[in-house]
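Coordinates in review
Here are the chains, one letter per residue:
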Amino acid sequence: MSGRSISITTADGICPASLFAPSGKPSGSAVILYMDAFGPRPAMDEMAARLAGQGHAVLVPDLFYRFGAHGPFDAKTAFSNAETGQFLRRMIAETTQAMTMADTGHLLDALAEEGFSGKVGTVGYCMGGGRALNAATAHPDRIVAAASLHGGNLASDAPDSPAANAAKIKARVYVGVAGVDGSFPPEQSARFAQAFREAEVDHTVENYVGMKHGWCVPDHSVYDEAGADRHWKRLTTVFDETLRG
């Protein structure tokens, strides 16, 4: 399944995105897939197509659009190259959570214009994990499910961390954690679980023992097929139970 390119007007410019429509009669439901640090590329499209095969429209926005033309980046080598690594780190640092939450409003509008005005889920990988959860804090009336896979700093001391804003979330939340991940250490995981439990958010935090940060993404150097299949089963369940009907 191939997606088509669309352009979404935001407050800061034009955000390129790929839209994957489900086959058959569309249900009106949709998923926004928030990319990892390496940006839009065939691996993200492959994952979006797999989600669309489950019956949901899938939108993959380029969160780095404010920097103009860039990439695609090789997930295996990008950070080992000094120039590319520096550029990527700059884009990550300067693309704030607030920017992505504001962009999400325009993404939801674009989905509605394309005929997908029903329930919406979000899923994010790496830097996209926290953004997928924060999207649910910013748009609780539209987003009914939010998932983070190997997302970092989900319960940091920053005021825009998902844990700090758990009370705003109405969605069901799923967090898949790499077995050992410096960007989301055990103390943050405990803080995250406490915040979401106190906020009475329907949530699951699952530890993928033996997996490394990035295990879900097929072009990543630490990709693990068994671990990736396990996360697909979890996403299928979460989205089937929240987006259908």
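To be clear, the structure that these remarks concern was listed above.
In this report, we go over the structure that sits alongside the text. Remember, predicted model here, so these are calculated numbers, not experimental data. (Residues numbered from 1 in each chain as written. Predicted model: local features only at pLDDT ≥ 70, side-chain atom pairs only at ≥ 80, totals over all residues. Heavy atoms only, no water.)

1. Things to note about unusual backbone geometry
With the exception of glycine, most residues fall at negative phi, and the peptide bonds are largely trans. Note the cis peptide between G71 and P72, where omega equals 0°. Turning to its location among the elements, P72 is positioned in the loop between strand 4 (57-61) and helix 2 (82-94). For H150, which is not glycine, the phi dihedral falls at a positive 40°. Positive phi values are uncommon outside glycine, yet E200 reaches one of about 60°. Mapped onto the fold, E200 is located in the loop between helix 5 (186-198) and strand 8 (203-208). (Helix = DSSP H or I, 4+ residues; strand = E, 2+ residues; numbered from the N terminus.)

2. Let's talk about the packing of helix 3 (residues 97-113) against helix 4 (residues 127-138)
It is at 9 Å that the axes of helix 3 and helix 4 come closest, and there the two elements cross at 60°. Accordingly, the angle class assigned to the pair helix 3 and helix 4 is oblique. Regarding helix 3 and helix 4, the two cross each other, and that crossing is right-handed. In this structure, helix 3 uses Q97, T100, M101 and T104 to contact helix 4, whose residues at the interface are G130, R131, N134, A135, T137 and A138. Within the contact of helix 3 with helix 4, the residues separate by chemical class into three nonpolar, six polar and one charged. (Axes fitted to C-alpha atoms, helices over the stretch in contact; angles between N-to-C directions. Parallel < 35°, antiparallel > 145°, perpendicular 65-115°, else oblique. Left-handed = near helix turned anticlockwise from the far one by under 90°. Contact = heavy atoms within 4.5 Å. Nonpolar A, V, L, I, M, F, W, Y, C, P; charged D, E, K, R; others polar.)

3. Side note on the environment of T9
As for its position among the elements, T9 is in strand 1 (residues 4-10). For T9, a relative accessible area of 55% gives the class exposed. In this structure, T9 is in contact with I14 and H106, ignoring residues within four places of it in sequence. (Buried < 20%, exposed > 50% of the residue type's maximum accessible area, 1.4 Å probe, protein only.)

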